[in-house]
Amino acid sequence: RRSSSRPSRFFLLGAWAGPVLGRRLGAGGAMALGLALCALGCACVPLATAGGAVGLSLLVLYQVVGDGGRVVHDIHDRTLRQTLVDVSQLAQADAGVRLAGQAAQLAAALGGGLLGAWWPARDLLWLATALVAAAVWLALSGRRRLRAA
């Protein structure tokens, strides 16, 4: 994820692709694909082992694929929440999701800092990539329940 608050130009790619993928794959499929693209983008960072054109290309690919995938997921996440949650409860649901996300970010930062004292940074980047990939599995397993809703 980007550390600055300035959005990437590649968010626009995800914003364009999100509705198209939603129509073709359904909301659950688009969310899973968005997370898969995000995981693929995350894998580019530990693969960028050297400077030069290859390393730079991998880091740019991280931005293109990872940012675009995250936006595809976020579009459908928000749309599903607005569709499935009653209007009177929507603010509380949004606040709960935001709180859970920020708590997970804090836990990941603290855990990464603690683990970074013992493990190499590249190994931790692979661990982070594996965790994002695990989210793909969760999204795919939730598709069945989503179809029933």
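Residues numbered from 1 in each chain as written. Predicted model: local features only at pLDDT ≥ 70, side-chain atom pairs only at ≥ 80, totals over all residues. Heavy atoms only, no water.

**Student:** Give me the overall build of the protein chain: which residues, what numbers.
**Tutor:** Looking only at helices and strands, the protein chain has four helices and zero strands in total. Helices and strands appear in the protein chain in the N-to-C order α-α-α-α. The 149 residues of the protein chain split such that 29% are buried. Taking the intrachain contacts of the protein chain between residues at least 6 apart in sequence as the baseline, contacts between residues at least 24 apart amount to 75%. Summing over all exposed atoms, the protein chain offers an accessible surface of approximately 9700 Å²; the carbon and sulfur share of this is 68%. (Helix = DSSP H or I, 4+ residues; strand = E, 2+ residues; numbered from the N terminus. Buried < 20%, exposed > 50% of the residue type's maximum accessible area, 1.4 Å probe, protein only. Contact = heavy atoms within 4.5 Å. Areas by Shrake-Rupley, 256 points an atom, 1.4 Å probe, with all protein chains shown as cover.)

**Student:** Any details on the side chain of Arg81? Residues and values, ideally.
**Tutor:** Within the secondary structure, Arg81 is located in helix 2 (residues 52-84). A polar side-chain atom of Arg81 sits 2.5 Å from a polar atom in the side chain of Asp77. Non-local contacts of Arg81, meaning those with residues more than four positions away in its chain, are made with Leu90, Ala93, Asp94 and Val97. (Polar contact = N/O pair within 3.5 Å; in protein donor to acceptor, adjacent residues only side chain to side chain.)

**Student:** Please set out the environment of Asp94 residue by residue, giving values where relevant.
**Tutor:** Inspection of the secondary structure puts Asp94 in helix 3 (residues 90-116). C-alpha separation for the pair Asp94 and Arg78, spaced 16 residues apart in sequence, amounts to 8.6 Å.

**Student:** Can you break down the confidence of the model for the protein chain residue by residue, with the values?
**Tutor:** Chain-level statistics for the protein chain give a pLDDT mean of 83 and a share of 83% at 70 or above. Taking the mean pLDDT of every element in the protein chain, the minimum, 81, falls on helix 1 (residues 11-47) and the maximum, 92, on helix 3. In the model, residues 1-5 has pLDDT below 50 throughout and makes seven contacts with residues more than four positions away in sequence or in other chains. (pLDDT = per-residue confidence, 0-100.)

**Student:** Lay out a nonpolar patch on the surface with the relevant residues and their values.
**Tutor:** There is a patch of nonpolar side chains on the surface, built from Leu114, Leu115, Trp118, Trp119, Leu127 and Leu131 and spanning about 680 Å² of accessible area. Mapped onto the nonpolar patch, the elements with two or more residues apiece are helix 3 and helix 4 (121-148). Positionally, Leu115 belongs in helix 3. (Patch = residues over 30% accessible without salt bridge, like charges linked within 9 Å, V, L, I, M, F, W, Y side chains within 5 Å. Salt bridge = Lys/Arg side-chain N within 4 Å of Asp/Glu carboxyl O.)

**Student:** Quick rundown of the side chain of His73? Include the residues and the values.
**Tutor:** Tracing the backbone through its elements, the reader meets His73 in helix 2. A polar contact of 3.3 Å, which involves the side chain of His73, links it to the side chain of Asp74. Discounting residues that sit within four places of it in the chain, His73 has contacts with Met31, Gly34 and Leu35.

**Student:** Would you mind going over the packing of helix 2 against helix 3 in detail, with residue names and values included?
**Tutor:** Two elements in contact, helix 2 and helix 3, have axes whose closest approach is 10 Å; the angle formed by their N-to-C orientations is 145°. Classified by chirality, the crossing of helix 3 by helix 2 is right-handed. Across the interface between the two elements, Arg78, Arg81 and Gln82 of helix 2 pack against Leu90, Ala93, Asp94, Val97 and Arg98 of helix 3. Considering only residue class, the contact of helix 2 with helix 3 consists of three nonpolar, one polar and four charged. (Axes fitted to C-alpha atoms, helices over the stretch in contact; angles between N-to-C directions. Left-handed = near helix turned anticlockwise from the far one by under 90°. Nonpolar A, V, L, I, M, F, W, Y, C, P; charged D, E, K, R; others polar.)

**Student:** Go over the pattern of salt bridges, please, and point to the residues and values.
**Tutor:** As enumerated under the stated definition, the model contains four salt bridges in all. Across the pair Arg78 and Asp94 runs a salt bridge, and its minimum N-O distance is 3.6 Å. Of this pair, Arg78 sits in helix 2 while Asp94 is found in helix 3, placing the two residues 16 residues apart along the sequence. For Asp94, a relative accessible area of 14% gives the class buried. Within the structure, one salt-bridge network assembled from shared partners comprises Asp77, Arg78, Arg81 and Asp94.

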